[in-house]
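Spelled out from the first residue to the last, the chains are:
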Amino acid sequence: MAIVYTFFDYIDESGANIIKCWLNGDGKLAKAHFTNLIPQLEHSTPPHFNDTVWRIPHYKPLENKKGQKWEGFAELRKLGKIQYRIIIQIQDHKVFLVACGVHKGQKFDIDVPPKTARLRVAQMIANPAKYRREHEFD
Amino acid sequence: MNSISRYEQIWKSLQDDDFRKQFVDENVSVGLAFQIRALRDRQKLKQEDLAKKLGSKQSLVSSWENPNYGKYTLGTLKDMAEAFDVALLVKFVPFSTLVDWTVNMTSDSQAPPSFLEEERYHSAVSSYSADNNPKKDENLNTTSSYFKVDEYNKPQQITA
């Protein structure tokens, strides 16, 4: 069976892959997890189907919290004492990886606000050659 | 399309000792969790059904399907293989093999057929072959067909 979903990383103005940078920096301890998780999800049935593998605990739709409007976004997660998360938005069969975050104790730090995440998705759609690259595993 | 292949990208990451160790660990944890879920779906079993087959609890099945769990014992895996009626392969392999499996993953490789499914498929193809080409089938040296069950995919009919 062919790949159902294609994962795209956000590329910033300087040409840097921000997801790859995070996975080799603050998110280094989660890199092996996402390297194994993403290929599994690529072949899976769509979210919201009955028999979906897009589900808690490794996937969770985000909710609006403390005035931050994250509706429409979701997170891929590695759980543990420190939780590592990649913020995504799914459109058709494309998964846009736009931000990263670490959840330690009660504190959840996403590196950008929802407004920036939305802008990134819009850029990835409007100018794919500049702002997105198929997920890189190195 | 990336300029270097996914295989090469993962291979590059494996140069890091910590990543290499974690990659093996996560491959087992994430891979088994998704396989158990996929096999259960293929066989149309609820978590409760699988738990009953194994004399276990639904909550434990839920844990096994959690990619963050990772505390499987060989005994549990053997019991699960028996419950799903599939084979279990536990072996040490070179990293190149592990990367190859990760890169070439398919839905079918996640949920292999049970022995019964394989047997039905085998019988159907054998029967079709005998009905349509009885003379050739008698001459096994030139046109015999057999099944090769590759490690992670469905049985494939091979015509020799």
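Scroll up to find the structure this text is about.
Fair warning: this is a prediction, and the values are worked out from it, not measured in the lab. (Residues numbered from 1 in each chain as written. Chains lettered and ligands numbered in written order. Predicted model: local features only at pLDDT ≥ 70, side-chain atom pairs only at ≥ 80, totals over all residues.)

Draft legend 1. Quick peek at the overall build of chain B. Looking only at helices and strands, chain B features 10 helices and two strands. Starting at the N terminus and ending at the C terminus, chain B contains elements arranged as α-α-α-α-α-α-α-α-α-α-β-β. Across chain B, contacts joining residues at least 24 apart in sequence account for 62% of those joining residues at least 6 apart. (Helix = DSSP H or I, 4+ residues; strand = E, 2+ residues; numbered from the N terminus. Contact = placed C-beta atoms within 7 Å.)

Draft legend 2. Just the nonpolar core, in detail. Of all hydrophobic cores here, the largest spans 46 residues; its most connected members are Ile 86, Ile 87, Ile 88, Phe 96, Leu 97 and Val 98 of chain A. Ignoring anything within four residues of it in the chain, the contact list for Ile 86 of chain A reads Ile 19, Phe 34, Glu 75, Leu 76, Leu 97 and Cys 100 of chain A. (Core = buried A, V, L, I, M, F, W, Y, C linked by C-beta atoms within 7 Å. Buried ≥ 20, exposed ≤ 12 C-beta atoms within 10 Å, placed from the backbone.)

Draft legend 3. Inspection of the packing of helix α1 (residues 6-13) of chain B against helix α6 (residues 95-103) of chain B at higher detail. Residue and element names in this part refer to chain B. The interhelical angle for the contact between α1 and α6, taken along N-to-C directions, is 135°, at an axis separation of 10 Å. Overall, the two elements α1 and α6 adopt an arrangement that is oblique. The handedness of the crossing between α1 and α6 is right-handed. Of the residues in α6, those in contact with Arg 6, Tyr 7, Ile 10 and Trp 11 of α1 are Val 99, Thr 102 and Val 103. (Axes fitted to C-alpha atoms, helices over the stretch in contact; angles between N-to-C directions. Parallel < 35°, antiparallel > 145°, perpendicular 65-115°, else oblique. Left-handed = near helix turned anticlockwise from the far one by under 90°.)

Draft legend 4. Main features of the environment of Trp 70 of chain A. Residues and elements named next belong to chain A. For Trp 70, the location among the structural elements is in the loop between β2 (59-61) and β3 (74-78). The sequence separation of Trp 70 and Asn 36 amounts to 34 residues, and the corresponding C-alpha distance is 26 Å. When residues no more than four places from it in sequence are discounted, the contact partners of Trp 70 are Leu 62, Glu 63, Asn 64 and Pro 114.

Draft legend 5. Spatial organisation of the interface of chain A and chain B. Between chain A and chain B, the contact holds 21 residues from the first and 25 residues from the second. Broken down by element, the residue count for the side of chain A that touches chain B peaks at eight residues, all from helix α2 (residues 31-42) of chain A.

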